[in-house]
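# Summary of the model geometry
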Amino acid sequence: MVVKGGVPLRGEVTVSGSKNAAVAILPAALLANGPCVIENVPRILDVKIIMDILNKLGATSEWIGENTVRIDSHKINTHIASYETISRLRASYYFIGALLGKIGMAEVSHPGGCNLGSRPIDQHLKGFAALGVNIKEEQGLVKANGLNMVGANIYFDVVSVGATINLMIAAVRAKGTTVLENCAREPHVVDLANFLNSMGANVKGAGTDVIRIKGVAELNQGTTYTVIPDQIEAGTYIIASIATSGDVKVKNIIPRHQEALLAKLTEMGVGLEEGEDWVRVFYKGPLVRAKVKTLPYPGFPTDLQPQISVLLSMAEGTSTVSESIWDSRFQYVDELKRMGSEISVEGKTSTIQGHKKFFGASVRCPDLRAGAALVIAALAAEGTTELYDIKYIDRGYEDFESKLRQLGASITREEYTE
Ligand code: EPU
């Protein structure tokens, strides 16, 4: 990706459907007894991988509109999801919950770690075991037998989006009531619960830290459901607008989901205007230093930590950022330093010297959100930046370059072979 920086972003941008909701809802559609039509699905690589896995399991998943996917699970013919597909995407662990719910058995390759550091699934497995699922971990596989799942009380030791979602999906088909405690409260957890309920499930309390699920013997024939807007995509455009001293209206969002970010930006001196489903952000003068600590929702999202760090590099004064979710979320720092920032990292906290100007350089994207942060720095920079490994960006942002171009950015993609 080649970005010529220095152009203030101006205009309007429409946010796509939520990646993290879509990658949970699509596997969960396996539970239905008939076709599900899912609208507002982002056309991103992670969704494509989930659809490939669905098709390999014998279900049919296809695009029937620009952002509409139809999933029909009635021809599903295996409970085994192979390494070659599963290893391409962490969220593929949702197939454990979905296959248990659909056919009571799942054999799914262990998703392993990733470039955010160690990513255990012990809370998922502990939850399944509490439902009476017999779990074996053998040769990199998670083999789960849950033909007689029974509801249980499950207390998560850590707040985990993945474990909350996975257990909700499986518990829909367990006998009796399951109570999940210390749950993640992210918008996509609520979206999945709404989707499951639209198929005839009985899930209550999503969005709080206690979720109650009454198991049902059968789900409906199918449903039509619209995925919520992507909280992190919206936040990325909001931050990019300010980093370029721009003025942008970010549309098709749920402003409530942006509260932690918008509160922090107000503290930093950013201009804001809010409507029912949009927010306008504009630069109104020098940015002020801030302290950021990432936390589970409704705290400041870890998935916007790299992006806001770019902004803090441009603010006046010294800022600090504490990362409390992932071990390796500061890998972008060395790349950002090549573009002019001065950041030191000690353990899970970074100290950012402000008042820095970015300049163009050649950089590599270490992961999805780090990639987005580097693009923001490139848009704010003087000169041209070349970004490599942009495949990560394709995992989570629909039409990233064209949306940015529409706001006036000079951004192109060129063929490159190592
Ligand atoms: N954890 C455990 N044991 C578990 C599960 C999680 O110790 O069994 C720990 C993790 O190591 C981490 C913390 O709990 O320290 C939170 O992990 P969580 O399970 O909440 O993360 P996740 O479900 O794997 C989702 C998003 C991530 C996002 C995190 C935190 C999806 C597909 N992914 O991951 O999104 O960073 O929640 O909000 O929903 C991204 O979109 O770029 C991304 C990485």
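Summarised in this report is the structure supplied together with it. These numbers were taken from a predicted model, which means no experiment stands behind them.

Glancing now at the site of the ligand. Near the ligand lie 25 residues; those nearest to it are Gln123, Ser160, Val161, Asp303 and Ile325. In the environment of the ligand, an oxygen atom lies 2.9 Å from a nitrogen or oxygen atom belonging to the side chain of tyrosine 93. Note that a nitrogen atom of the ligand is positioned 2.8 Å from one of the side-chain N or O atoms of aspartate 122. The protein chains hide 87% of the 830 Å² of surface that the ligand would expose on its own. Counting only elements with at least two residues in the shell around the ligand, the list comes to helix H1 (19-28), helix H5 (122-130), helix H6 (161-171) and helix H12 (368-380). Classifying every residue of the shell around the ligand gives twelve nonpolar, seven polar and six charged. Taken domain by domain, the makeup of the shell around the ligand includes at least three residues from each of domain 1 (2-16 + 229-412) and domain 2 (19-226).

This paragraph deals with the nonpolar core. In this structure, Met168, Leu192, Phe195 and Leu196 are the most contacted members of the largest nonpolar core, which totals 77 residues. Here phenylalanine 195 is in contact with Ile25, Ala28, Ala29, Cys36, Ile38, Thr223 and Tyr225, once residues within four sequence places are set aside. Counting residues in hydrophobic clusters, the runner-up holds 67 residues, among them Ile253, Leu304, Val310 and Ala372.

Further remarks concern the packing of aromatic side chains. In this structure the tally under the stated criterion is five aromatic pairs. Considering the side-chain rings of tyrosine 237 and phenylalanine 400, the 6.0 Å spacing of their centres and the 40 degrees angle between planes classify their relative orientation as tilted. Residue tyrosine 237 is located in helix H8 (residues 231-243), and its partner phenylalanine 400 is located in helix H14 (residues 400-406); the two are separated by 163 residues in the primary sequence. For the residue pair tyrosine 237 and phenylalanine 400, the accessibility class agrees, reading buried in each case. When the ring of tyrosine 397 is compared with that of phenylalanine 400, the centres are 4.7 Å apart and the planes differ by 40 degrees; the resulting orientation is tilted. The ring of tryptophan 63 carries arginine 43 above its face, with NZ or CZ at 4.1 Å from the centroid. It is lysine 249 that lies over the ring of tryptophan 278; its NZ or CZ is 4.5 Å from the centre.

To continue, consider the pattern of salt bridges. Taken as a whole, this structure holds 21 salt bridges when the rule is applied. The shortest N-O distance in the salt bridge between arginine 395 and aspartate 46 comes to 2.7 Å. Here aspartate 46 lies in helix H2 (residues 45-56) and arginine 395 lies in helix H13 (residues 391-396), a separation of 349 residues in the sequence. Overall, the relative accessible area of 5% leaves aspartate 46 in the buried class.

Another point: the sheet that holds strand E15 (residues 247-251). Read across the open sheet, the four strands follow the order E2-E15-E17-E16; overall the sheet is mixed. The open sheet has two free edges, formed respectively by strand E2 (10-14) and strand E16 (271-274), since each of these has just one partner strand. Ignoring strand direction, the axes of neighbouring strands in this sheet form an average angle of 15 degrees. The sheet contact formed by E16 and strand E17 (residues 278-282) spans four bridges and is antiparallel. Within E17, the residue paired with glycine 271 across the bridge is phenylalanine 282. Those strands touched by H8 are E2, E15 and E17, and its axis lies near 25 degrees from that of E17.

Another point: the packing of H6 against helix H7 (residues 187-198). Relative orientation of the contacting elements H6 and H7 amounts to 10 degrees, with a least axis distance of 10 Å. When the axis of H6 is compared with that of H7, the two are roughly parallel. Across the interface between the two elements, Val161, Thr164, Ile165, Met168 and Ile169 from H6 touch His188, Val189, Leu192, Ala193 and Leu196 from H7. Its residues assigned to classes, the contact of H6 with H7 shows eight nonpolar, two polar and no charged.

Strand order in the open sheet formed by four strands is E22-E23-E1-E24, with mixed pairing between adjacent strands. What marks the edges here is a single partner per strand, and that holds for strand E22 (362-364) and strand E24 (410-412). When strand polarity is set aside, the average angle formed by the axes of neighbouring strands in this sheet is 20 degrees. Both strand E1 (residues 2-4) and E24 contribute to a ladder of three bridges, which runs antiparallel. The residue bridging lysine 4 from the neighbouring strand is serine 410, located in E24. Along the sheet, H12 contacts E1, E22, strand E23 (384-388) and E24; its crossing angle with E23, the most-contacted strand, is approximately 170 degrees.

What follows covers unusual backbone geometry. Going from tyrosine 297 to proline 298, the amide bond is cis rather than trans, its omega being 15 degrees. Among the secondary structure elements, proline 298 is positioned in the loop between strand E18 (291-293) and helix H10 (305-314). Phi is positive for asparagine 40, which is not a glycine, with a value near 60 degrees. Assignment of secondary structure puts asparagine 40 in the loop between strand E3 (36-39) and H2. The phi dihedral of aspartate 389 falls on the positive side, at around 60 degrees, and the residue is not glycine.

Cut-offs used in this document
- Residues numbered from 1 in each chain as written.
- Predicted model: local features only at pLDDT ≥ 70, side-chain atom pairs only at ≥ 80, totals over all residues.
- Heavy atoms only, no water.
- Near = heavy atom within 4 Å.
- Polar contact = N/O pair within 3.5 Å; in protein donor to acceptor, adjacent residues only side chain to side chain.
- Areas by Shrake-Rupley, 256 points an atom, 1.4 Å probe, with all protein chains shown as cover.
- Helix = DSSP H or I, 4+ residues; strand = E, 2+ residues; numbered from the N terminus.
- Nonpolar A, V, L, I, M, F, W, Y, C, P; charged D, E, K, R; others polar.
- Domains from an automatic or database assignment.
- Core = buried A, V, L, I, M, F, W, Y, C linked by side-chain atoms within 4.5 Å.
- Buried < 20%, exposed > 50% of the residue type's maximum accessible area, 1.4 Å probe, protein only.
- Contact = heavy atoms within 4.5 Å.
- Phe/Tyr/Trp six-rings, centres within 6.5 Å; stacked < 30°, edge-to-face > 60°.
- Lys NZ or Arg CZ within 6 Å of the ring centre and 35° of its normal.
- Salt bridge = Lys/Arg side-chain N within 4 Å of Asp/Glu carboxyl O.
- Pairing = 2+ DSSP bridges.
- Axes fitted to C-alpha atoms, helices over the stretch in contact; angles between N-to-C directions.
- Parallel < 35°, antiparallel > 145°, perpendicular 65-115°, else oblique.

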